[in-house]
Amino acid sequence: MKTLESLVRPNIWALEPYSCARDEFKGMTAHVFLDANENPFNDPINRYPDPLQEKLKERLAPLKGVRPSQMFLGNGSDEAIDLVYRIFCNPGEDNVVAIAPTYGMYKVCADINNVEYRSVPLTEGWQLDIQGLMNAVDTHTKVLWICSPNNPTGNDFPRETIHELLVSFEGIVVIDEAYSDFSTNQPFRNLLDNYPNLVVLNTFSKAWASAAIRLGMAFASEEIIGLFNKVKYPYNVNLLTQEKAMSLLADLATIDGWLAQIRREREHVLPALAELPIVLKVFPTDANFVLVKVTDANKIYHYLIEQGIVVRNRTRVQLCKDCLRITIGTRQENNELLGALRFFK
Ligand SMILES: *Cc1c(COP(=O)(O)O)cnc(C)c1O
């Protein structure tokens, strides 16, 4: 890996972050808080929340196999994705390399930040083209984006190929593991001590069934997390979200139950889809969705809408012509979908 200083934008490296009232006073002994111009009424939401979400990180760290100091919490993974650009990429000068097809936010955030986005197609069977990715890298490449399991293809990449990229690329490698809880492969998030250039993304939106509270996680070295904390909005995760996450974590058995049910449903839906005459291919999946190649994606998509069923039409995405991305739902939802598809003419 290049030195962290050479990878970070000079203005960010030199940045003196905003110091908020909750940063300056952290003691537990005070009982009169007249430091932050808060309103004394309407307890507890009258107070600014903990800017570093320390209680929540203490609770999450052992579950994720990281130390609290290796964790950033944000307003969805989307905040972490945007921060990666703002920390590492000089607008109009640096570039990033990513796979195609993949999650659309990496490109949107590149465009917003005026950073060149170089995409390298996956190979046959949706595998990483290691040589192609490394060929796309030049001296201005700061970040490599890998989503595994990948959205929208659904597959996890073999760990050895990701390892190869982590050791050959000298910049930051972001592995988005939004769907790793649905996979049987080991995640990379607890290997931070082996890879100083690794940033792993996780989210409360999928396996933890809490997309509405907007809570995303990034795991990286303490030095990289320090940069995230310096650049983020001071109070980026609100109190209601922090409290809701704590209550969710008090009942992990329920989450495990949901996960088991979704994996079971996946086993039910995949073969049923494969039997339909309109389905040309069901791509293997390690996620809570499946990419399906059909005879006519546009027609089938609009037919399903008429039946009140929404799936994601990916036909215009590179390499995904006539593909629909279908989320695994409850048994009843899945059966409604399968029933409708059986009647399609
Ligand atoms: C759904 C998804 C996320 C989650 O984003 P949030 O902002 O945390 O809701 C992240 N990455 C990928 C690849 C996704 O598909």
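Described below are features of the structure shown in this document. Not measured: the values here are computed from a predicted model.

## As for the packing of aromatic side chains
Piece 1. Summed over the entire model, instances satisfying the criterion amount to ten aromatic pairs.
Piece 2. Between Trp126 and Phe283, the aromatic rings sit 5.3 Å apart at their centres with planes inclined by 55°, giving tilted as the arrangement. Within this pair, whereas Trp126 is found in the loop between strand S3 (116–121) and helix H7 (130–136), its partner Phe283 is found in the loop between strand S8 (279–282) and strand S9 (289–294), the two being separated by 157 residues in sequence. The pair Trp126 / Phe283 is uniform in exposure class, with both members buried.
Piece 3. Aromatic side chains Phe204 and Trp208 sit 4.7 Å apart centroid to centroid with 80° between the ring planes, which places their arrangement in the edge-to-face category. Comparing Phe204 with Trp208 shows no difference in burial state: the two are buried.
Piece 4. For the cation-ring pair, Arg325 lies above Phe289, with the distance from its terminal atom to the ring centre recorded as 5.6 Å.

## Some remarks on the sheet that holds strand S10 (residues 312–313)
Piece 1. Reading across from one edge, S8-S9-S11-S10 is the order of the four strands in this open sheet, with antiparallel pairing throughout. Either end of the sheet is taken by a strand with one partner, and the two such strands are S8 and S10.
Piece 2. Alignment of S8 against S9, held across three bridges, turns out to be antiparallel. For Lys281, the partnering residue across the bridge sits in S9 and is Lys293.

## Description of the side chain of Thr153
Piece 1. Here Thr153 is to be found in the loop between strand S4 (141–147) and helix H8 (159–168).
Piece 2. A polar side-chain atom of Thr153 sits 2.6 Å from a polar atom in the side chain of Asn155.
Piece 3. Ignoring any residue separated from it by four or fewer positions in sequence, one finds Thr153 in contact with Pro101, Leu122, Trp126, Phe283, Pro284, Phe289 and Leu291.

## Brief notes about the site of the ligand
Piece 1. Taken together, 14 residues are adjacent to the ligand, and Asp176, Tyr179, Thr203, Ser205 and Lys206 come closest.
Piece 2. Interatomic distance of 3.4 Å between a side-chain N/O atom of Lys206 and an oxygen atom of the ligand.
Piece 3. Side-chain polar atom of Arg214 to an oxygen atom of the ligand: 2.7 Å apart, as the coordinates give it.
Piece 4. Burial of the ligand by the protein amounts to 94% of the accessible area it has alone, namely 390 Å².
Piece 5. Here the residues of the shell around the ligand are counted per class, giving five nonpolar, five polar and four charged.

## A short note on the nonpolar core
One broad trend across soluble globular proteins is that nonpolar side chains are buried collectively.
Piece 1. One finds Leu60, Leu128, Ile146, Phe204 and Trp208 to be the most contacted residues of the largest nonpolar core, which totals 51 residues.
Piece 2. Sequence-distant contacts of Ile146, defined by excluding residues within four places in its chain, comprise Ile99, Leu128, Phe157, Ile162, Leu165, Val173, Val174, Ile175 and Asp176.

## Quick look at helix H4 (residues 54–64)
Because each turn of an α-helix spans 3.6 residues, side chains separated by three or four positions end up pointing in the same direction.
Piece 1. Of the residues making up H4, those classed as buried are Leu56, Lys57, Leu60, Ala61 and Lys64. End-on, the buried residues of H4 take up no more than an arc of 130°, which puts them together on one face. The exposed set on the far side of H4, more than 90 degrees from its buried face, consists of Lys55, Glu58 and Pro62.
Piece 2. The inward-facing, buried residues of H4 abut strand S1 (71–74), strand S6 (198–203), strand S7 (216–219), helix H9 (222–231) and helix H10 (239–249).

## Quick notes on the side chain of Thr203
Piece 1. Mapped onto the elements, Thr203 comes out in strand S6.
Piece 2. You can call Thr203 buried: its relative accessible area is 10%.
Piece 3. When residues no more than four places from it in sequence are discounted, the contact partners of Thr203 are Ser77, Ala178, Leu215, Gly216 and Met217.

## A word on the sheet that holds S6
Piece 1. Spatially, S1-S7-S6-S5-S4-S2-S3 is the arrangement adopted by the seven strands of the open sheet, whose pairing is mixed. In the strand order of this sheet, the two ends are held by S1 and S3, each with one partner. On average, adjacent strands in this sheet sit at an angle of 20° to one another, irrespective of strand direction.
Piece 2. Along the sheet face, H8 touches S4, strand S5 (172–176) and S6 and points at about 155° away from the line of S5.
Piece 3. The strands that H9 touches are S1, S5, S6 and S7; relative to S1, the one it contacts most, it runs at about 25°.

About the cut-offs
Residues numbered from 1 in each chain as written. Predicted model: local features only at pLDDT ≥ 70, side-chain atom pairs only at ≥ 80, totals over all residues. Heavy atoms only, no water. Phe/Tyr/Trp six-rings, centres within 6.5 Å; stacked < 30°, edge-to-face > 60°. Helix = DSSP H or I, 4+ residues; strand = E, 2+ residues; numbered from the N terminus. Buried < 20%, exposed > 50% of the residue type's maximum accessible area, 1.4 Å probe, protein only. Lys NZ or Arg CZ within 6 Å of the ring centre and 35° of its normal. Pairing = 2+ DSSP bridges. Polar contact = N/O pair within 3.5 Å; in protein donor to acceptor, adjacent residues only side chain to side chain. Contact = heavy atoms within 4.5 Å. Near = heavy atom within 4 Å. Areas by Shrake-Rupley, 256 points an atom, 1.4 Å probe, with all protein chains shown as cover. Nonpolar A, V, L, I, M, F, W, Y, C, P; charged D, E, K, R; others polar. Core = buried A, V, L, I, M, F, W, Y, C linked by side-chain atoms within 4.5 Å. Arc of directions from axis to C-beta. Axes fitted to C-alpha atoms, helices over the stretch in contact; angles between N-to-C directions.

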